[in-house]
Number of protein chains: 4
Amino acid sequence: MENKNVRTIGVLTSGGDAPGMNAAIRSVVRVGSYYGLKVFGVRRGYNGLINGELEEMNARSVSEILQRGGTILQTARCLEFKEEAGVKKAVEIAKVFGLDGLVVVGGDGSFRGARDLCAAGLPTIALPGTIDNDISCSEYTVGYDTCLNTVKDAVDKIRDTAQSHERCSIIEVMGRAAGYIAIQAGIACGAEVILVPERKWSFDEDVLRPILESKSRGRKHSIIIVAEGIGGVIEMAKEIEEKTGIESRATILGHVQRGGSPTVRDRVVASEMGCKAVELLLEGKQNRIVCMQQHEIVDVDIEEGLAMKKELPQNLVDLAKKLTV
Amino acid sequence: MENKNVRTIGVLTSGGDAPGMNAAIRSVVRVGSYYGLKVFGVRRGYNGLINGELEEMNARSVSEILQRGGTILQTARCLEFKEEAGVKKAVEIAKVFGLDGLVVVGGDGSFRGARDLCAAGLPTIALPGTIDNDISCSEYTVGYDTCLNTVKDAVDKIRDTAQSHERCSIIEVMGRAAGYIAIQAGIACGAEVILVPERKWSFDEDVLRPILESKSRGRKHSIIIVAEGIGGVIEMAKEIEEKTGIESRATILGHVQRGGSPTVRDRVVASEMGCKAVELLLEGKQNRIVCMQQHEIVDVDIEEGLAMKKELPQNLVDLAKKLTV
Amino acid sequence: MENKNVRTIGVLTSGGDAPGMNAAIRSVVRVGSYYGLKVFGVRRGYNGLINGELEEMNARSVSEILQRGGTILQTARCLEFKEEAGVKKAVEIAKVFGLDGLVVVGGDGSFRGARDLCAAGLPTIALPGTIDNDISCSEYTVGYDTCLNTVKDAVDKIRDTAQSHERCSIIEVMGRAAGYIAIQAGIACGAEVILVPERKWSFDEDVLRPILESKSRGRKHSIIIVAEGIGGVIEMAKEIEEKTGIESRATILGHVQRGGSPTVRDRVVASEMGCKAVELLLEGKQNRIVCMQQHEIVDVDIEEGLAMKKELPQNLVDLAKKLTV
Amino acid sequence: MENKNVRTIGVLTSGGDAPGMNAAIRSVVRVGSYYGLKVFGVRRGYNGLINGELEEMNARSVSEILQRGGTILQTARCLEFKEEAGVKKAVEIAKVFGLDGLVVVGGDGSFRGARDLCAAGLPTIALPGTIDNDISCSEYTVGYDTCLNTVKDAVDKIRDTAQSHERCSIIEVMGRAAGYIAIQAGIACGAEVILVPERKWSFDEDVLRPILESKSRGRKHSIIIVAEGIGGVIEMAKEIEEKTGIESRATILGHVQRGGSPTVRDRVVASEMGCKAVELLLEGKQNRIVCMQQHEIVDVDIEEGLAMKKELPQNLVDLAKKLTV
């Protein structure tokens, strides 16, 4: 694969960091090198592009980063980039460094930036890197699996103490608008109650009743997983304690969910997607999101991808119910 | 969902154990209970069926097993079951306990047993539980993800010492006929060389050359992942040391790869597949393998499933090469 | 070792649960069996003693609990036991079951209960099981090491994201009156700031200054470890962000610190201490705390032990400072 | 603390690598900087000293290495250094770089080198860094705790599969002449049999009998931990299988035991010892081993330290027996 119009590319990470972003960077750099490209790493997301924080990378500069959490290129929000002037400035800097293409790793906010760059003349490919798995066009986003396993490890630990004290433990996990983390982690940890922003719920029906039923079956400890978008876990703990007499405690897992050495799945998918992104640029494509559909790595138009709607799988919601008989 | 002909079912684990088998057992028991079924656990695979080692299980008996490795029902090879008389005896015992259906969790050897049970009159559903991911009809088998992450953790540790001593480390991972573990773990760990049984290889071309090239680029340590079916890692270490002067060490990971608390993926997929298996029995189906195809949980005929051929994904083999520039 | 007056003993866990309590229970049961004793497990701490929740245990009943977090005997606070009548009732129940001695695993609150039991006629030995390491007479308490490593794992993850976003991360760890967890975890995680209840601190001097100094040396991310007894981490994050312009986030680790499979140290020390406790009873001793002093397992009088004062090691406080140049 | 004769020091790691060596390096560099010293890192152990592979380090160069396994300075065996000429050459290089002192992190072989350097005119302090915990004068060596926990994680996994298949699993752990790893890991994992080089053993009495007794009590799976110095685990598995009929499998854990992110204990003790080493040099001392005695960080003369004899603690050997009733 060779393309005389694509000699030099860049890669940046943007938005919230996710485990596996380094694996994606490494893949872009190495696959780029494999095809004879010059690859620049851009620091601090779109900020770095605007400010010219680029440095050339090679196989050695991404050595030993595969297993590291976070992103060695760092990431940041960039208000300036939301203005047309910012995008224009970024494209000018890209020209200074001779970039013929760019790979942006991030979430849907970052994808809008990628689209704007394409419109302004810099061929850009978006790669879904976010722990939330909330990219509509892709079955999977880099970072999701590591995040889920971090949550699982934490909840397994909390269950130890919940059992020992016969307590009810309420755990808030990430997901402001999306319940993907909550539903998978909830099933994986055998949670008695799972609350997600995509479904209506009532305290009496969905929280109190299963706990009281569980209690009447002789089991006093329980685990409740609540997505961030629902919130209010500290108050919930108080209310449960008042109404059931069962000691209740809330934990907000927080930023621990963003870090950690990536799992195999995140490392491999990130590597595959990074490779795909480079090859799309070499094929002369742009304005595409690399994504996983039906277990295959494919690509869709950014605009179309952003317009898609992703449903929380109803079968998992049902499964969770069947498993807590 | 209700089926007057299916009131009582059994579940057993067979063949090599795999992390997530307990999640599958739990799912069969709980989803069975959810649908009002009586569920028996069968001990020690087909042996237990022949010998009548069954005990009734309920939601409580599978409490707190989700996070445990291995299988609480245990597993064993069963020579007797390979004979027609053994299968007949098993079906008789199943009648004694009133089983209207059975879920068998295991690998392809176990699936042949499931088929024979169906033929002899016991409706049986097979569920792929094996760390090798070598079931042709399914993109995924329960236990694979945990195994991969165990290998990854081990190789990440070995890399620490390989780097410190500038050594070449050769690691044998499971997979007698299949290189799925080797290829995914190899990519996830940034192995310089990956040898799988599905591909021809030569020592000079595929082992010696990349190590020498890496050495000439100034990098003396390297990681070689070898599938069990290739073998000979201790001799390989000696030969590399002799021919390159680089100190080389072999590690055979062995049974550590079979154990451990299952990852989120294994817990969730096992739960989904267990649910599907019960629902297939309730639909009056039998002789089916529950499997994952295009990211969905579906089912195929056992005979057809066994006849399929699964290829090692060429794109992963290529990717591994591109990443080791 | 034989003692005709000690034929039957009990074991209970009390106060906050700690990883390794199961290893201590197992050791009391197995070492008791080794010496020919009958051993009863008492459920739910002193509550279970008052209410007669005892069951005989043997080598098999403690099989496979060594690796499990929490306590299989469960634990609870017991207000009734703080009254003389409660203690008297407990001793009567102990007589009903023929207990000649009792081992109590817990913290200093539990030790006062052990002392009261001795005074009321039940020979009791106390074993320090608490994640806080705040037992004055002992260099080590069961659960401390596992807790420290849980904190370390969490902070290592948070650092990934702090680095990627160039944030200041403030992490609250357990320790209401004691900074042992904070100081060791702080050193182990390379925290820029460590705040413990045993030392006075000022926001300007001890928090703001090191962060600003670090920033002026070109490093924007930092980790601050705060013991629970200090509190106020959410407000602290806001204040740091306002005064330095560095994005700041707080995480309260919470109950995750109490759980998890115990480390080797906790398993081994718990086993040693459980053995010592049984042997003290066999020697006819009572009212003793098993403890670690100068790296040896010894015992001290409960009253004397409770009266001792444990200092936060000044050398660790100094070390933390020297390491953050 | 100031010493006009000590302005510049070096640090190197030697012998087998151990987790926590990086924490020791970081501590020497940072504490050195804290006292205003210039600190050089020496690459590849004594080799690097002979060949002049030194580079100046500062607080930033040891940033983010605390959590990494292995040693960033690398390590190697050095035959040349065993000759007087080698030592002389090393001291000359040290003069070239103006070293007033050196800290050597390693095992007893490395300590002999440190002693020779002192004799040849370079004040040197030895710091015990070896997973084997076989340094006679010290209760603890950096790397031991991480190694133990790696072994524990592996054995916990192997037990899952041993239980599921009712197998006997024999696991060889490191320790050619010393059984410290085997005895602690054996107790921590509830091994039925532990074989160490310091104790005589017979196959019939110490291996076969406990397995047969365990089998006759209805328990077919068992775990046997064997120190490397005993060896022969593959043959042992065969013999057990032949004589008991219990399927038996051997695993040689190998180099995985050397790597991994260090535990809290290894990070903290390494930090304390590194600090102590620098302060000893500043006090004008040399030819000392930093060590832990009675839970305190102290120092002893290298010659005296090497002459001491460390016994395998008999109480642990006895404890292991009491716990396997």
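Note that this is a predicted model, so its numbers are computed, not measured.

### Digging into the packing of aromatic side chains
One pass over the structure, following the stated rule, counts 16 aromatic pairs over all chains. With a centroid separation of 5.0 Å and 80 degrees between ring planes, the pair formed by Tyr34 of chain D and Tyr35 of chain D is classed as edge-to-face. Since its relative accessible area comes to 16%, Tyr35 of chain D is described here as buried. One cation-aromatic arrangement involves Arg265 of chain B over Tyr140 of chain B; the distance from NZ or CZ to the ring centre is 4.4 Å.

### Observations concerning the pattern of salt bridges
Counted under the stated rule, the structure contains 96 salt bridges over all chains. Linking Arg159 of chain B and Glu192 of chain B is a salt bridge whose minimum nitrogen-to-oxygen distance equals 3.9 Å. Here Arg159 of chain B is found in helix H5 (residues 144-165), whereas its partner Glu192 of chain B is found in the loop between helix H6 (180-188) and strand E7 (193-195), with 33 residues between them in sequence. This pair shows no difference in class: Arg159 of chain B is buried, exactly as Glu192 of chain B is. A network of salt bridges, in which partner residues are shared, links Arg44 and Glu53 of chain A together with Glu166 and Lys220 of chain C.

### Details of the pairing of strand E6 (residues 168-173) of chain C
Residue and element names in this part refer to chain C. A large share of E6 lies buried, amounting to six of its six residues. Here E6 pairs with strand E8 (residues 222-227) via six bridges, running parallel. Looking at the pairing, Ile171 lines up with Ile225 of E8. Here E6 runs beside strand E9 (residues 248-252); their pairing, made up of five bridges, is parallel. Across the sheet, Glu172 pairs through a bridge with Ile252, a residue of E9.

### Here we look at the relation of the copies chain A and chain C
Here chain A sits on chain C after a turn of 180 degrees about the axis and a move of 0.0 Å along it, with an RMSD of 0.0 Å. A rotation of that kind, with that shift, is consistent with a two-fold axis. Taken as a fraction of all interface residues of chain A, those also at the interface in chain C reach 100%, which identifies the copy contact as same-surface.

### Some remarks on the sheet that holds strand E4 (residues 101-106) of chain A
All names here are of chain A. The strand order E3-E2-E1-E4-E5-E10-E11 describes an open sheet built from seven strands, whose pairing is mixed. Since the sheet does not close on itself, it has two edges, and those belong to strand E3 (54-57) and strand E11 (296-301), each with one partner. Here the average twist between neighbouring strands, direction ignored, is 30 degrees. Here helix H1 (residues 21-34) sits on the sheet and contacts strand E1 (8-13), strand E2 (38-42), E3, E4 and strand E5 (124-128); the angle it forms with E1, its principal contact strand, is near 175 degrees. Strand contacts of helix H9 (residues 264-282): E1, E4, E5, strand E10 (288-293) and E11, with the helix running at about 140 degrees to E10, the strand carrying the most contacts.

### Digging into the arrangement of the chains
Kept free of each other, chain B and chain C leave a smallest C-alpha distance of 10 Å between them. No interface is formed between chain A and chain D, the nearest pair of C-alpha atoms being 10 Å apart.

### Section: the UniProt feature "active site" (unreviewed entry) in chain A
Residues and elements named next belong to chain A. In the UniProt entry, the feature "active site" (unreviewed entry) is given for Asp132. In this fold, Asp132 is placed in the loop between E5 and helix H5 (144-165). Setting aside residues up to four positions removed in sequence, Asp132 forms contacts with Thr141, Tyr144, Met174, Gly175, Tyr180 and Ile181.

### Quick word on the interface of chain A and chain B
Contacts between chain A and chain B engage 49 residues on the former and 49 residues on the latter. In total, about 4100 Å² of surface goes out of reach between chain A and chain B, with carbon and sulfur atoms giving 57% of it. Taken as a group, Val264, Lys322 and Leu323 of chain A account for 16% of the area that chain A buries against chain B, more than any other trio of residues on that side. Run the count over chain A and chain B and you get eight salt bridges. Two residues, Arg219 of chain B and Glu64 of chain A, come together in a salt bridge whose shortest N-O distance is 3.1 Å. Between chain A and chain B we count 20 residue pairs in polar contact (both at pLDDT 80 or more) in total. Those elements that place two or more of their residues in the side of chain A that touches chain B are H1, H5, helix H6 (180-188), H9 and helix H11 (314-322) of chain A.

The rules we used
- Residues numbered from 1 in each chain as written.
- Chains lettered and ligands numbered in written order.
- Predicted model: local features only at pLDDT ≥ 70, side-chain atom pairs only at ≥ 80, totals over all residues.
- Heavy atoms only, no water.
- Phe/Tyr/Trp six-rings, centres within 6.5 Å; stacked < 30°, edge-to-face > 60°.
- Buried < 20%, exposed > 50% of the residue type's maximum accessible area, 1.4 Å probe, protein only.
- Lys NZ or Arg CZ within 6 Å of the ring centre and 35° of its normal.
- Salt bridge = Lys/Arg side-chain N within 4 Å of Asp/Glu carboxyl O.
- Helix = DSSP H or I, 4+ residues; strand = E, 2+ residues; numbered from the N terminus.
- Pairing = 2+ DSSP bridges.
- Least-squares fit on C-alpha atoms with pLDDT ≥ 70 in both.
- Contact = heavy atoms within 4.5 Å.
- Axes fitted to C-alpha atoms, helices over the stretch in contact; angles between N-to-C directions.
- UniProt positions renumbered as here; feature names shortened; annotations may be inferred.
- Buried area = accessible area lost by both parts, 1.4 Å probe.
- Polar contact = N/O pair within 3.5 Å; in protein donor to acceptor, adjacent residues only side chain to side chain.

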